[in-house]
Amino acid sequence: MPRIHRFMLRLEAVLAGTFLVLMVVLIFTGGVARMMHHPLNWTIDLATCFFAWGCFLCADIAWRNDALIAIDVIPRRLPDGPRRAVGYFNLAVIAVFLVYVIYAGAWLSWVSRARSFQGIPGVSYSWVTMSIVVGGLLLLLTTLLKLARALRADGYLAPRRTE
Amino acid sequence: MLLVVVAFAILLALGMPVAFAIAISGALFFLQHPELPFTIPVQVTVSQTQNFALLAVPLFIIAGNIMNRSGITGRLLDLASVLTGRLKGGLAQVSLALSALMGGVSGSAIADAAMQARMLGRPMVERGFTPGFAAGALAYGAVLTPIIPPGIGMILYGTIGQVSIGRLFAAGFVPALLLWAGLSFAVWLTARRRGYLPERDRRPTLKEGALALRGGIWALLFPVFLLFGLRMGVFTPSEIGAFAVFYGAVIGVFVYRELKTKGALEALEASLTDVGSVMFLIALSAIFSYGIVLERVPETVSGWILGVTENLAGVMVLVATFVLVVGFFVDATVLIIMLTPIFLPLVRQLGGDPVHFGIVFIVAATIGNFTPPVGAAMYAVCSILKVPVGEYTRESAPLLLAVTVVTLMLIFIPQAVLFVPNLIFNR
Amino acid sequence: QEYTLRFNHVLGPSEPFHEGFLKWAERVAERTNGNLQIEVFHSAQLGVEEDIIEQIRQGANIGQNTDAARLGNYVPGIAVVNGPYFVSTIEEAYALADSPTMQGWQTELAEQHGLKVVCFDWVQGFRHFFTNKPIRTPEDLAGLRIRTPPAPIWQESIRALGAEPTAMNFTDIYPGLQQRAVDGAELVYPNITAANLNEVLDYANETAHILLVNFQVVSSQWFDNLPQDYQTALVEECRAAGQETSEVIRQATEEAKATLVEQGMTVIEDVDMDAFRAAGEKAYEVLGILDAKNKVHAEIGK
Ligand code: NA
Ligand code: NA
C-alpha cells in the first residue's frame, strides 16, 4: 500500500472518530447546560454538522472493511465465471453512481451556498453538503481499489510487487 | 416506480450492498422525472444526517461498544448467568429483559438493536447460540423499545392523528408485556428443542449470587440512571444516547477501573464501522422513499385495501400486513408520517378506536424493521454480527411467528390495548 | 399545455392550512380548465423546508409554505415580518402586500434568488407563551426555558421578550415539557390541542407576541413560464384562499381556546402588553432590522 494512501486511511479514521466524539460531547454539554438554565442552542447545530461528516467518512470505512450488508444468497450459488462477472458489474455500477454523487454534491454545494446552516447568518449549509462530496470521493477511491484488486486476482492486471 | 422496485430487487439479488442497491434503484426514479432537479437524491441523503432524531442511532452504537470495554457487559453476563443460568436460552432472555428496560429510555428500535448486538452478540454465539438465532433474538427484542413509553413513534402518531399521547403511552404497556411473553416463550421453546445447554449445572450459591449482584449493580442501574436523566429533564429522548455513552465511560474509568485509553480507542474504532454500515443505509434510503411519496403509493394501496374488505378487523390485518412488508424505512418514522393520515381516517370511518389502531400500527411498523427482505434493524444486527440475511431469516422464524400472533391478538382483542388507558383516563 | 405544481408544507393534514391549500388547488384547476394542477403534500412529506426552498431556486415545479425568517436568509430585510409585534391585526398583515418596501424585497427574492412569492395572506394567528406558571410581564419570563423553532432570528425575539430561547425538535416538545427539559413553549392555540400539549402545560399567557404570516413560494423560473392568465389565477386564488383560511383559523383558535379552558387550562389575559411591546423593540435592534421595520410601518400607516 503506498504511503500516501496509508496516511489517508489513518487520517480518515482519526477525523471520523473525532467527529463522533465531538458529537457525543456537544449533545451531552447541551443537555447539562439546558438543565442549568443556560441553554446553548449551537451545540445541537454543531453536533448535526459533525454527524454528517462522521456518517460519510464512516461509510467509507465500512465499505473498505466489507461491512456494508449485502444479500449474497444467489451470487454464492453461481459458478465461478458468472459470479465474478456479477462482482465486476456491481462495482462498476457503484462507481458510476458515486461519480454522480460527487458531481451533484459539488454542484449543490456551489449553487446553494447562500443557504444558511440552521438559519445562522454567515454560516453556509454547504459546509454540511460538502461532507457527501468528500465521502463520495473516498468511497469512489475504495471502489476503484476493490475493482483493481479483483482484476489482479483474476489475472487481468499485473500483480503488485509490494503485496 | 415499478422500474425502481424491479431494479432494487435485481440489484439486491446480485449481491450488491443494500445501501447502494436502495440508492441506485431510487435514483432511477429521477431519470424518469427530468423535471426534478438532479441534485435531489444527494440533498435528501445529506438531510437524513441533519435529522436530530436519528442522532440516537450512532450514540447508542458507541454506548454499546464503550460498555463492552468498560466491564459493564461482562458483569451483566455474570449476573445473567447466575439468574438465568439454569434456564434454557438464558442470554437471549437477558437481551429481552434489557430491551424492555431500554424501552423506558429510548424510543428507537434500530438504536437499541445495534447497541445490544454490540454488547451481547458475541457472548451469545460463544455460549452456543447459532449466530442467526442470536441476531434474531437481539433484533426482535427491540420491538419492545418503541412500544414501552416514551416512544418517538407514538408522539408522531399522536401529533399527526390528533390522538392523546398520554393515552397512547398508557396503551403501550400491556402490548409490550404480551410481546415480551411471546418472544420469551419462542426463545424458550427454541432453546429446548435445540438442546442449548444451560450455562450452569448446579444452582448458584447465595454467596455467588451476592457477588454477581454487587458486580453487576452498575450495569443493572444503567437503564435506571438513563430513566433518571430523562425524568429529571436533563435530556430529551433524542439526546439520551449521549448520556448513555457518558455513563458507560464513567463507570468503566472510575468504578470498574477497566476502561483504559487503549480500550476506549478500540471501542471508538469498532463504532466507526458500525456507524458507517448502519447510517449510510439509513441516509441513502431517503432517495428511495422520495419516489414513493411523490407517486402517492400509500394512497393507492389504501384504495386497494378498501376494495378488499370494509370489516374493521380485516382492514387492520391488511394494513398491518402492508406496513410489515414495506416497513423498511428509517425507524418506522417515515411510515408513520406517511401512513397515519391515510389509514387513521379509514379506521375512524369504520368505527375503530384511534388509540387501538395506533398501537397495532406502531407495532407492525416496528416489526417491519426486523423482517426481510429489507429492514433497518435487521441489517444493523446482521452487519454487526456478520450473519447472512438468509440465515437470520431462517433462524428467526419462530420469533416472527410469536410477534405476528401477538399482533393478531392485539387486533382482535382491542381491550388488551385499551384496558390501561381507559382505567387511567377514566373513560 | 399542462402544468403541475407540487406544493409542500410542514403542517398536518387536519390543520386548516391543509384544507386551504386544497381549496386553492381546486379553484386554480377550475379556472385553468384543469391545465394547472397543484398537488398538496402535508407533514413535509416532500422534504425539509430548507431543502425544498433550494429545489425551488433550481427551477423545480415545487412550492413551499414558509415564513419570513427563512426568506430573510436570502433578503435580510423581509425577516421583519417575523419580528415581535410587527403587525397587530390580520388586516394589517393583508395591507403589507401594498407596501413598496415589501414589494421591493419580493422583486429581489425573485430576480436574484429565483424565489417567487405568490402571496402571503395566510395568517396563522397570534403566538402566545404556554407555561406552567402565570406570565404577566417580561420579568416573569426570566430564566424560563422556552422552546422556539430552531432559527436564530426567532430566538433573538424570544430572548428580547425576557425568556431563555431553547431550540428543540417539535416531537421532543411533549416529553421535553413532561420531563421539565423546557419550561414552556411559544405556539398558537391550535398547536396545543393538535399535539395534546395541554396534558403537560397549565397556563396560556396571551402575549400575542408574533402574528405569524406565512408565505407561499414557487420557482420564479417556473412561474415566468406560465401563461399570463394562469399566473393571475394562481396569485388571485392564493390570496382568496389565504384570507378565507385565516378567517377559519381565527375561529379555530377560539374553539381551541374554549376546548383548552374546558380541559382545565388557565388563560392569563391581563398581560402587560406595553412592557412586552417595549421589550420586543430590542430584537429589531439586535438583528439590525430596526430601520426596515420603521419604513414598512410608515408605509402601512402603523
Ligand atoms: Na420507548
Ligand atoms: Na421489512
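Owing to the predicted nature of the structure, the values given are computational and were not obtained by experimental measurement.

Student: Is there a simple way to explain the interface of chain B and chain A in this structure?
Tutor: Where interface size is quoted, it is often the accessible area lost as the parts come together. Tallying the contact residues gives 54 residues for chain B and 55 residues for chain A. Taken together, the links from chain B to chain A amount to zero salt bridges. Remark: the boundary between chain B and chain A carries four residue pairs in polar contact (both at pLDDT 80 or more). It is helix 15 (residues 261-294) of chain B that contributes the most residues to the side of chain B that touches chain A, 10 residues altogether.

Student: Just checking my understanding: could you explain the environment of Pro398 of chain B for this structure?
Tutor: All names here are of chain B. With respect to the element layout, Pro398 can be found in helix 22 (residues 397-412). Overall, the relative accessible area of 24% leaves Pro398 in the partly exposed class. Spatially, the C-alpha atoms of Pro398 and Ile155 are 30 Å apart, while their sequence positions differ by 243 residues. Look past the residues within four positions of Pro398 in its chain and what remains in contact with it is Ala186 and Thr190.

Student: Looking at this structure, I do not really get the packing of helix 19 (residues 354-367) of chain B against helix 22 of chain B. What am I missing?
Tutor: Relative placement of two packed helices is described by the angle separating their axes and the distance separating the axes. All names here are of chain B. At a minimum axis separation of 10 Å, helix 19 and helix 22 run at an interaxial angle of 165°. It follows from the interaxial angle that helix 19 and helix 22 lie roughly antiparallel. Where helix 19 crosses over helix 22, the two elements pack in a sense that is left-handed. The segment helix 19 lies against helix 22, with His356, Val360, Val363 and Ile367 engaging Leu400, Val403, Thr407, Leu410 and Ile411.

Student: I would appreciate a short explanation of helix 15 of chain B in the present structure.
Tutor: The periodicity of an α-helix, 3.6 residues per turn, causes residues three or four positions apart to be oriented the same way. Residue and element names in this part refer to chain B. Spanning 34 residues, helix 15 covers 49 Å between terminal C-alpha atoms, matching the ideal 50 Å at 1.5 Å per step. Along helix 15, the helix axis deviates most sharply at Phe288, where the bend reaches about 30°. With 28 of 34 residues buried, helix 15 lies mostly within the body of the structure.

Student: Just checking my understanding: could you explain the UniProt feature "transmembrane region" (unreviewed entry) in chain A for this structure?
Tutor: UniProt tags residues 12-36, 42-64, 85-105 and 125-145 of chain A as "transmembrane region" (unreviewed entry). Helix makes up 96% of residues 12-36 of chain A and strand makes up 0%, while its end C-alpha atoms are separated by 36 Å.

Student: Help me out: how do you make sense of the interface of chain C and chain B in this one?
Tutor: On the chain B side, the residues contacting the 33 residues of chain C number 35 residues. Around 2900 Å² of area is buried between chain C and chain B when both sides are counted, 54% of it from carbon and sulfur atoms. Remark: the boundary between chain C and chain B carries one salt bridge. Between chain C and chain B we count eight residue pairs in polar contact (both at pLDDT 80 or more) in total. The set of elements that each furnish at least two residues to the side of chain C that touches chain B consists of strand 2 (36-41), helix 2 (49-57) and helix 7 (173-178) of chain C. By residue class, the composition of the side of chain C that touches chain B is 14 nonpolar, 12 polar and seven charged.

Student: How should I be thinking about the state of the cysteines in this particular structure?
Tutor: Two cysteines whose sulfur atoms are joined by a covalent bond form what is called a disulfide. Enumeration according to the criterion identifies one disulfide over all chains in this entry. Residue Cys119 of chain C pairs covalently with Cys238 of chain C via a disulfide, S to S 2.2 Å. The sign of the S-S torsion, about -65°, decides the handedness of the disulfide formed by Cys119 of chain C and Cys238 of chain C: left-handed. One end of the pair, Cys119 of chain C, is in strand 4 (residues 115-131); the other, Cys238 of chain C, is in helix 10 (residues 228-262), with 119 residues separating them in the sequence. Comparing Cys119 of chain C with Cys238 of chain C shows no difference in burial state: the two are buried. Here Cys49 of chain A is not cross-linked by a disulfide; its sulfur's nearest cysteine counterpart is in Cys55 of chain A, at 12 Å. Here Cys55 of chain A is not cross-linked by a disulfide; its sulfur's nearest cysteine counterpart is in Cys58 of chain A, at 7.2 Å. Taking the relative accessible area as the measure of exposure, Cys55 of chain A reaches 2% and is therefore buried.

What counts, and at which threshold
Residues numbered from 1 in each chain as written. Chains lettered and ligands numbered in written order. Predicted model: local features only at pLDDT ≥ 70, side-chain atom pairs only at ≥ 80, totals over all residues. Heavy atoms only, no water. Contact = heavy atoms within 4.5 Å. Salt bridge = Lys/Arg side-chain N within 4 Å of Asp/Glu carboxyl O. Polar contact = N/O pair within 3.5 Å; in protein donor to acceptor, adjacent residues only side chain to side chain. Helix = DSSP H or I, 4+ residues; strand = E, 2+ residues; numbered from the N terminus. Buried < 20%, exposed > 50% of the residue type's maximum accessible area, 1.4 Å probe, protein only. Axes fitted to C-alpha atoms, helices over the stretch in contact; angles between N-to-C directions. Parallel < 35°, antiparallel > 145°, perpendicular 65-115°, else oblique. Left-handed = near helix turned anticlockwise from the far one by under 90°. Expected span 1.5 Å × (residues − 1). Bend = angle between axes of the 7 residues up to and from the residue. UniProt positions renumbered as here; feature names shortened; annotations may be inferred. Buried area = accessible area lost by both parts, 1.4 Å probe. Nonpolar A, V, L, I, M, F, W, Y, C, P; charged D, E, K, R; others polar. Disulfide = S-S within 2.5 Å.

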